[in-house]
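Given next are the chains, with one letter for each unit.
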Amino acid sequence: MPFLLRRFFTLLSSIFAIVTFNFFLFHIIPGDPIRLIARTQRLNAEAIAKMRASFGLDGSILSQYFRYLSKLVHGDLGYSFSFKENVSGLVGRALGNTLLLLTASTLIVVILGIAIGVFAGSRQGKKSDTATVISSLILWSMPTFWVGMLLVFTFGVWVGGLPISGISTANAVYSNGFEYFMDISRHLILPTVTLAIVDIAFFIIITRTALIDVMTEDYMLTARGKGLGRRAIVWRHGFRNAMLPVLTASALYISALVGGAIQVEVVFSWPGMGLLMYNSVLARDYPVLEASFLLTTVAVLVANFAADLLYRVLDPRVAVSK
Amino acid sequence: MGKLWADRMGRWGLIALAITTFIAVICPIFFPFDPSKVGADAASILTGPSKTHLLGSDELGRDVLRQFFTGARISLFVGIMATVISTIVGSGLGIFAGYYMGRLDGILMRITDFFLVVPALPLMIALGAIFGQNITVIIMVIGFLSWPRTARIVRSQTLSLRQRQFVPRAKSLGSSNLRIIRTHIVPHVMPLIVANTILVVAGCILSEATLSFIGLGDPDRISWGTMLHFSFVSGAIGRGAWWYFLPPGFGILFIVLGFTLVGHSFEKITNPRLGGSE
């Protein structure tokens, strides 16, 4: 399979590029990294040399680079001075929490977004369609973190009723697994809704456009000529063909989704990659910032790769033409 | 302009932009914001709207309305400057890749695709955290990470222009490549670049707001995003100080929506085939 190989090679070279870029960004550019890590000017030469060695910052740039690569391959991401633990453990836990948040909101966004998009697209030009488009554009124009702030205000201060911070109740004792599950679910509601509110606009708009495009195809006229009902035309013929451009657009949307998740995690103190990144920026904890940046980026690259493969499976025409 | 006004979406967009531009350009002149003018005592902190402070006060007892005016200026300024960088880089790469085709095109598009999939926000956060919190850094970071889409769009348009008759004709008449690009290609891709630019401004303003909210904004130049950052970390939400965190958010929504509406309307006018919504 030459395509698969070629695509895999692109993925590997992208990951390699981002790893190299990451190395230069955090190890070479910002003056003396030891100063940044130590955050004090009062270090004697011996202490500096010691730190240099422990952070792999001694020797030539090339030897530093290779040592960095070998550490990375072995899963050694360094030590966080603000969290006082190994970075690999920190990011591992955070990644799981972020994936939970992304999965929950993506499910809502895809199902509702596509349904509303098809609804609007099949009523092109009518009042309900125009209203959908305008409200989508408004949602689209709102900063994700601000939507989160509004929900925190509404459900945490004004009306109340839903947890607005963290992934579970602090110091809670659970009598069984189900209670624990319910607690996490309750904490998941507002972050998920926030992320979904902004992202759904994108799905509505692209689904609507794709459906309108498909509806002008010749086979739609045939379907109508056969006497098929409106519902059958829209869903069986229109929707299924409209899904391909939607999938293409969604692949590019993965990176925006991650951007939204970072903001939501900050607002709701959801202990994922975004909150980790935010806290490491505040504490100027560079090893953590570096690792969370690298891991997030690589995860997005891999997700794009997967989306590309999925597209080949769903649309055999592409596989044939290549 | 007239056509934009005739289109309903374009008209609302233009009105929104006119109002925000007025706030950003004129209001700070008459109601300047002095960051050092803090409240006298604890009682002046996070107070609600009153005669002295029409939009209440912030966590240091400063006037929120004056901050809102200055914030409009900074948000708009950063958004537009970042867009200028992004448009120059994106259109330049797009035109060169599309015109020269071949290997140059291959390499440039590889790079573009790379930046298209790499998540922008984490990259912006990393760069912002390393290079420091000042307005130039923010403009550069946003500008140099927002160009890939422009490059892709401009390239495909250039590629199709390149196939037209007038390129080989101009060449046979002795025109140099740069001259053909200047006199034949650029004028034809311009409407596309303009429509795209308007939409890029919206994205850049949102990026600035997000970066500032994360805490990477320039502390000396308060934008709407910076206001939201300080309202968030000072606990304005918990104290119910809606006058502090609602106005900047609505400001961002208003201006981003304005640019989005004008951009879509402009796209529809210059490229009637896209006219989906009406």
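Remember, predicted model here, so these are calculated numbers, not experimental data.

1. Looking at the interface of chain B and chain A
Then, number 1: Contact residues are listed per partner, giving 36 residues for chain B and 40 residues for chain A.
Then, number 2: Breaking the side of chain B that touches chain A down by element, the ones donating at least two residues are α5 (102–117), α6 (120–131), α10 (177–216), α11 (224–233) and α12 (242–270) of chain B.
Then, number 3: No other element matches the nine residues that α12(B) contributes to the side of chain B that touches chain A.
Then, number 4: Taken together, the residues of the side of chain B that touches chain A sort by class into 27 nonpolar, eight polar and one charged.

2. Quick look at the packing of helix α4 (residues 64–100) of chain B against helix α8 (residues 148–162) of chain B
All names here are of chain B.
Then, number 1: Interaxial distance between α4 and α8 falls to 7 Å at its minimum, and their mutual angle equals 35°. Here α4 runs over α8; the crossing is right-handed. Residues S86, T87, G90, S91, L93, G94, I95, A97, G98 and Y99 of α4 form the contact with α8, whose participating residues are T150, A151, I153, V154, R155, T158, L159 and R162.
Then, number 2: Among the residues forming the contact of α4 with α8, the class breakdown is eight nonpolar, eight polar and two charged.

3. Remarks on the confidence of the model for chain B
Then, number 1: Scored by pLDDT, chain B has a mean of 86; 96% of the residues are at 70 or more.
Then, number 2: Predicted as a complex, the structure gets a pTM of 0.88 and an ipTM equal to 0.89.

4. Looking at the packing of helix α6 (residues 127–140) of chain A against α12(B)
Then, number 1: Interhelical geometry of α6(A) versus α12(B) gives an angle of 130° and a closest axis separation of 9 Å. Compared by their axis directions, α6(A) and α12(B) come out oblique. Helix-helix and strand crossings are classified by hand; for α6(A) and α12(B) the assignment is right-handed. Residue-level contacts link L137(A), I138(A) and W140(A) of α6(A) to L257(B), T260(B) and L261(B) of α12(B).
Then, number 2: The residue inventory of the contact of α6(A) with α12(B), partitioned by class, reads five nonpolar, one polar and no charged.

What counts, and where the lines are drawn
Residues numbered from 1 in each chain as written. Chains lettered and ligands numbered in written order. Predicted model: local features only at pLDDT ≥ 70, side-chain atom pairs only at ≥ 80, totals over all residues. Contact = placed C-beta atoms within 7 Å. Helix = DSSP H or I, 4+ residues; strand = E, 2+ residues; numbered from the N terminus. Nonpolar A, V, L, I, M, F, W, Y, C, P; charged D, E, K, R; others polar. Axes fitted to C-alpha atoms, helices over the stretch in contact; angles between N-to-C directions. Left-handed = near helix turned anticlockwise from the far one by under 90°. pLDDT = per-residue confidence, 0-100. Parallel < 35°, antiparallel > 145°, perpendicular 65-115°, else oblique.

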